[in-house]
Amino acid sequence: NPVNLADYRAPAYQVEHVALDFELAPEATIVKARLQLRRNAPGPLKLDGRKLELLSVSLNGEPLGDNRYTLDEDSLTIQDVPDQAVLETSVRINPAANSELSGLYTSGSGLFTQCEPEGFRKVTFFPDRPDVMARYRVRMRADAAKFPILLSNGNKLSSGVENGIAHAEWEDPHPKPSYLFALVAADLVSLKDEFTTRSGRKVDLGIWVERGDEARCAHAMGALKRSMKWDEDIFGLEYDLDIFNIAAVSDFNAGAMENKGLNIFNTAYVLADANSATDMDFQNVERVIAHEYFHNWTGDRVTCRDWFQLSLKEGLTVFRDQEYMSDQFSAAVKRIADVRLLRATQFRDDAGPLAHPVRPASYLEINNFYTTTIYEKGAEVVRMYRTIIGREAFRRGMEAYIAKNDNAAATVEDFWAAMQSITDIDLKQFMLWYEQAGTPEITFDESWDDAAQTFTLTLRQRTAPTPGQPEKQPLLIPVAIGLLNQTGEEIHAETLLLRETEQSFTFKLPQKPGAVSLFRHFSAPVKLKGQSRARLAFLAAHDSDLFNRWDALQQYASAVLLDSVATHQIGQPFTLDEGLKDAIAATLRDATRDPAFAAEALILPMESLLADDMTVVDPDAIHLVREAARKALGQALSAEFHAVYEQFANAAPDDVSGPAMGARALRNAALSYLTAAEGPAFAAAQFTAAGNMTEKLAALTNLVDEPGPARESALHAFYTEWEHNRLVLDKWFSVQARSNASDTLTRVQALASHAAMDLRNPNRVRALIGAFTANPWKFHDKSGAGYKLLADFVLRLDETNPQIAARFVTALGLWRRFDTKRQGLMKAELERILAREQLSRNTYELASKALA
Ligand code: ARG
Ligand code: ZN
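Each value, and the rule that gives it
Residues numbered from 1 in each chain as written. Chains lettered and ligands numbered in written order. Predicted model: local features only at pLDDT ≥ 70, side-chain atom pairs only at ≥ 80, totals over all residues. UniProt positions renumbered as here; feature names shortened; annotations may be inferred. Pairing = 2+ DSSP bridges. Helix = DSSP H or I, 4+ residues; strand = E, 2+ residues; numbered from the N terminus. Axes fitted to C-alpha atoms, helices over the stretch in contact; angles between N-to-C directions. Core = buried A, V, L, I, M, F, W, Y, C linked by C-beta atoms within 7 Å. Buried ≥ 20, exposed ≤ 12 C-beta atoms within 10 Å, placed from the backbone. Contact = placed C-beta atoms within 7 Å. Parallel < 35°, antiparallel > 145°, perpendicular 65-115°, else oblique. Left-handed = near helix turned anticlockwise from the far one by under 90°. Nonpolar A, V, L, I, M, F, W, Y, C, P; charged D, E, K, R; others polar. Near = placed C-beta within 6 Å.

- The protein chain has the name Aminopeptidase N in an unreviewed UniProt entry, where Acidocella aminolytica 101 = DSM 11237 is given as its organism.
- Within the UniProt record for the protein chain, the comment given under Cofactor (unreviewed entry) is "Zn(2+)".
- In the Catalytic activity (unreviewed entry) part of its UniProt record, the protein chain is described as follows: "Release of an N-terminal amino acid, Xaa-|-Yaa- from a peptide, amide or arylamide. Xaa is preferably Ala, but may be most amino acids including Pro (slow action). When a terminal hydrophobic residue is followed by a prolyl residue, the two may be released as an intact Xaa-Pro dipeptide."

Okay, structure coming up:
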């Protein structure tokens, strides 16, 4: 049965202090906990606990017989507990048998924790809910030969080795919820550095990795120091401990985790050098390091009252990492990349059976709610506050939010109240953004009154029903607009507040505007409909808002490609739209001005995005048309693409500055057109000459589309070179799963049982299966073989790692959008999954909702 927001009750007991003692060993770890309890609300003392072998329990020093407590699968309830009490428990756990990777588990030869959201209950009996905030003291002992490094949260009190046993004691002075607890016991080495905060605190920084990986930590360390400085400069937030450690682990369900003072990271977001990591990897490391660091205030110091408030920390922290990244690189290009992701993932989730609000009202399994809605749409919601009230007010609102909720567990209402407290704009209606699922659709009308010299813009909003929400209210939507004259110069710019279902705005102007640019910089997460092609072509060429210039070209390209899909479906040949050709030519001509922007603008709308705009998705036609367009553009603008490819060849291979990355991105965009038009010769040459992983992988991506000796020798060479680097080998898997080659399905089937396939390692599984589901043409193969392959994986993974298994179910959630044959095939796989006895709650929730 589901957990409901409406049923929230304060915890019966607060835990003021926790002392934990670990006797660490992979197969049998003993955990002793001493909890200092204080009554907080009526009710019995109920402690969460899963897969714990209870060895002893005592209250105020007195051992309890089993008549004093009840123990079941998930909890330990103790009767007659005084208002102040000390509870001591001792349990045995088996980290080596923990394949769910939540709680304490083994990875390689080390021991690591992941406690968010509900992993701590697999470590010890505890009220494992974020509104119970305690101070922790942690003692650890372990075999010094295998586990010389013992880390936990906060500051280190002592450590050493005695008789072959390593020991350490850590203390975290800041109260925190159990999900932020962390422990690492492993044979790791560290890259060390230090940072002095602006008020003079010297902080020891350490990044802990396996021996041999130290050389790949420099970028992460640089990013950490930049993040610490940025949060001081932009938000006035300083680090609050003397130590900040990051430990990297190969087997990890998520990207990284913000445990207080001891972040634990998926190696994929720590390790990077130009040889083995792409420019995208470098940026991901920078972004995730920043994200987890920023959680220190938005997440750790101010945490969430319950898991329904997850976006309170995640949406806000994503917003903060987005802002950080746009300060490091180009703001427009960052915005474009973020919106591309939002549309490709969040918009489609919001239009399907798994749609849920930024603050859900109910869940079966909270792990299923670490979604793009909570994270990315949540970040858009925070961004809209700033757009509505202004940057300066927003900064003061943030200060008020932190000051009021420091060391406490807050709700989205608390954030809202802080923003409302510093503005006269009425934000009441804004709360609907947290409560209502679905993407609003906006339509508009314009009129010009010549006599009055007034321009009237009428905006209409509508949000389609989503599961459980048949009726929608109008939202408060910030609409950043620019009115342009006939030559594209801006004559007026303003942010309108749309509050009604339909609302008109009138402007007195010296002349009739030539065009209106709406939702500049994507001022709200909505779908704007009804822009004419002439308008889009004009904006793509002239808008002074770079985001909208990019977007206009994307919308234009979508419209003409979807036309081509329709003509293809009635058997007509493909013809290249002249307007699209002109726009791409103009992009190439202007490329020198901003190469990174040009690279974005050259990417044709993704197949999945085109699919979202079709009533009945035709994956084959979409793929065929998009490829035909790429080839036709490559041929028609061959000289221009060649010129760009030559002109931007000069970035040094190990230069990961913005301009160097921009140049490579542009060159690789050109390479994709050139390969489509002229075959694999350029890609083969680039593969051989490549000076870094960005160039190498781009070349390989182009080479794997065509079966034959060029492909085989490139894949073989790549494998041989990188066989022993797990992160690079992941790329070898995913590049094949993303391939357009005729034999992709059989290759993915073969790779599924490749010796290097490792079901325990989420990165490897995502590299193959995640990449495959992101290849719509192959995944939606009309035989249904793609669906079957996915469902087979879900069922296998569900037995060991339900969190990861459940994620993949969402790929089948869009069945309603396809033809009846595919619908039947997808539903059959969902039914096959649901028929499994002992299916995890994770997979059950998503599969049953997908089918409903
Ligand atoms: N709080 C972590 C992060 O943003 C993610 C934890 C993911 N946990 C999960 N169960 N999926 O940065
Ligand atoms: Zn986060």
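1. With respect to the sheet that holds strand β27 (residues 477-484)
Part 1: Taken in spatial order, the three strands make up an open sheet running β28-β27-β30, and their pairing is antiparallel. Each edge of the open sheet is held by one strand with a lone partner, namely β28 (490-498) and β30 (515-517). Each strand axis lies, on average, 25° off the axis of its neighbour in the sheet, ignoring direction.
Part 2: In terms of strand pairing, β27 meets β28 through eight bridges, oriented antiparallel. The partner of Gly482 across the bridge, within β28, is Ala493.

2. Considering the nonpolar core
Generally speaking, soluble globular proteins have nonpolar side chains that are buried together.
Part 1: Counting 255 residues, the largest nonpolar core has Val184, Ala185, Ala247, Ile264, Val270, Leu666 and Leu790 as its most contacted members.
Part 2: The element that contributes the greatest number of residues to this core is helix α16 (residues 658-678), accounting for eleven residues.
Part 3: Those residues in contact with Ala247, other than ones at most four positions away along the chain, are Leu151, Val184, Leu188, Trp208, Leu262 and Ile264.

3. Remarks on the packing of helix α4 (residues 331-350) against helix α10 (residues 546-569)
Relative placement of two packed helices is described by the angle separating their axes and the distance separating the axes.
Part 1: Closest axis-to-axis distance for the α4/α10 pair is 9 Å, and the angle between their directions is 40°. What the angle tells us is that α4 and α10 run oblique. For the pair α4 and α10, the sense of crossing is right-handed. Residues Ala332, Arg335 and Ile336 of α4 pack against Leu546, Phe547 and Trp550 of α10.
Part 2: Residues that form the contact of α4 with α10 fall into these classes: five nonpolar, no polar and one charged.

4. Section: the sheet that holds strand β4 (residues 45-48)
Part 1: Taken together, three strands build an open sheet; the order of strands is β4-β8-β7 and the sheet is antiparallel. Edge positions in the open sheet fall to β4 and β7 (69-71), since each of these has one partner strand only. Across this sheet, the average inter-strand angle for adjacent strands is 15°, counted without regard to direction.
Part 2: When β4 meets strand β8 (residues 75-78), the two strands line up antiparallel, connected through four bridges. Each bridged residue has a counterpart across the sheet, and for Lys46 the counterpart in β8 is Thr77.

5. Concerning helix α7 (residues 412-420)
The periodicity of an α-helix, 3.6 residues per turn, causes residues three or four positions apart to be oriented the same way.
Part 1: Along α7, the positions that sit buried rather than exposed are Val412, Phe415, Trp416, Ala418, Met419 and Gln420.
Part 2: Among the structural elements, α3 (310-328), α5 (372-389), α6 (391-405), β24 (408-410) and α8 (432-435) are those in contact with the buried residues of α7.

6. Focus: the site of ligand 1
Part 1: Around ligand 1, a shell composed of Glu116, Pro117, Asn253, Ala254, Ala256, Met257, Glu258, His291, Glu292, Glu314, Asn367 and Tyr370 is seen.
Part 2: The set of elements that each furnish at least two residues to the shell around ligand 1 consists of β20 (256-257) and α2 (279-294).
Part 3: A class-by-class count of the residues in the shell around ligand 1 yields five nonpolar, three polar and four charged.

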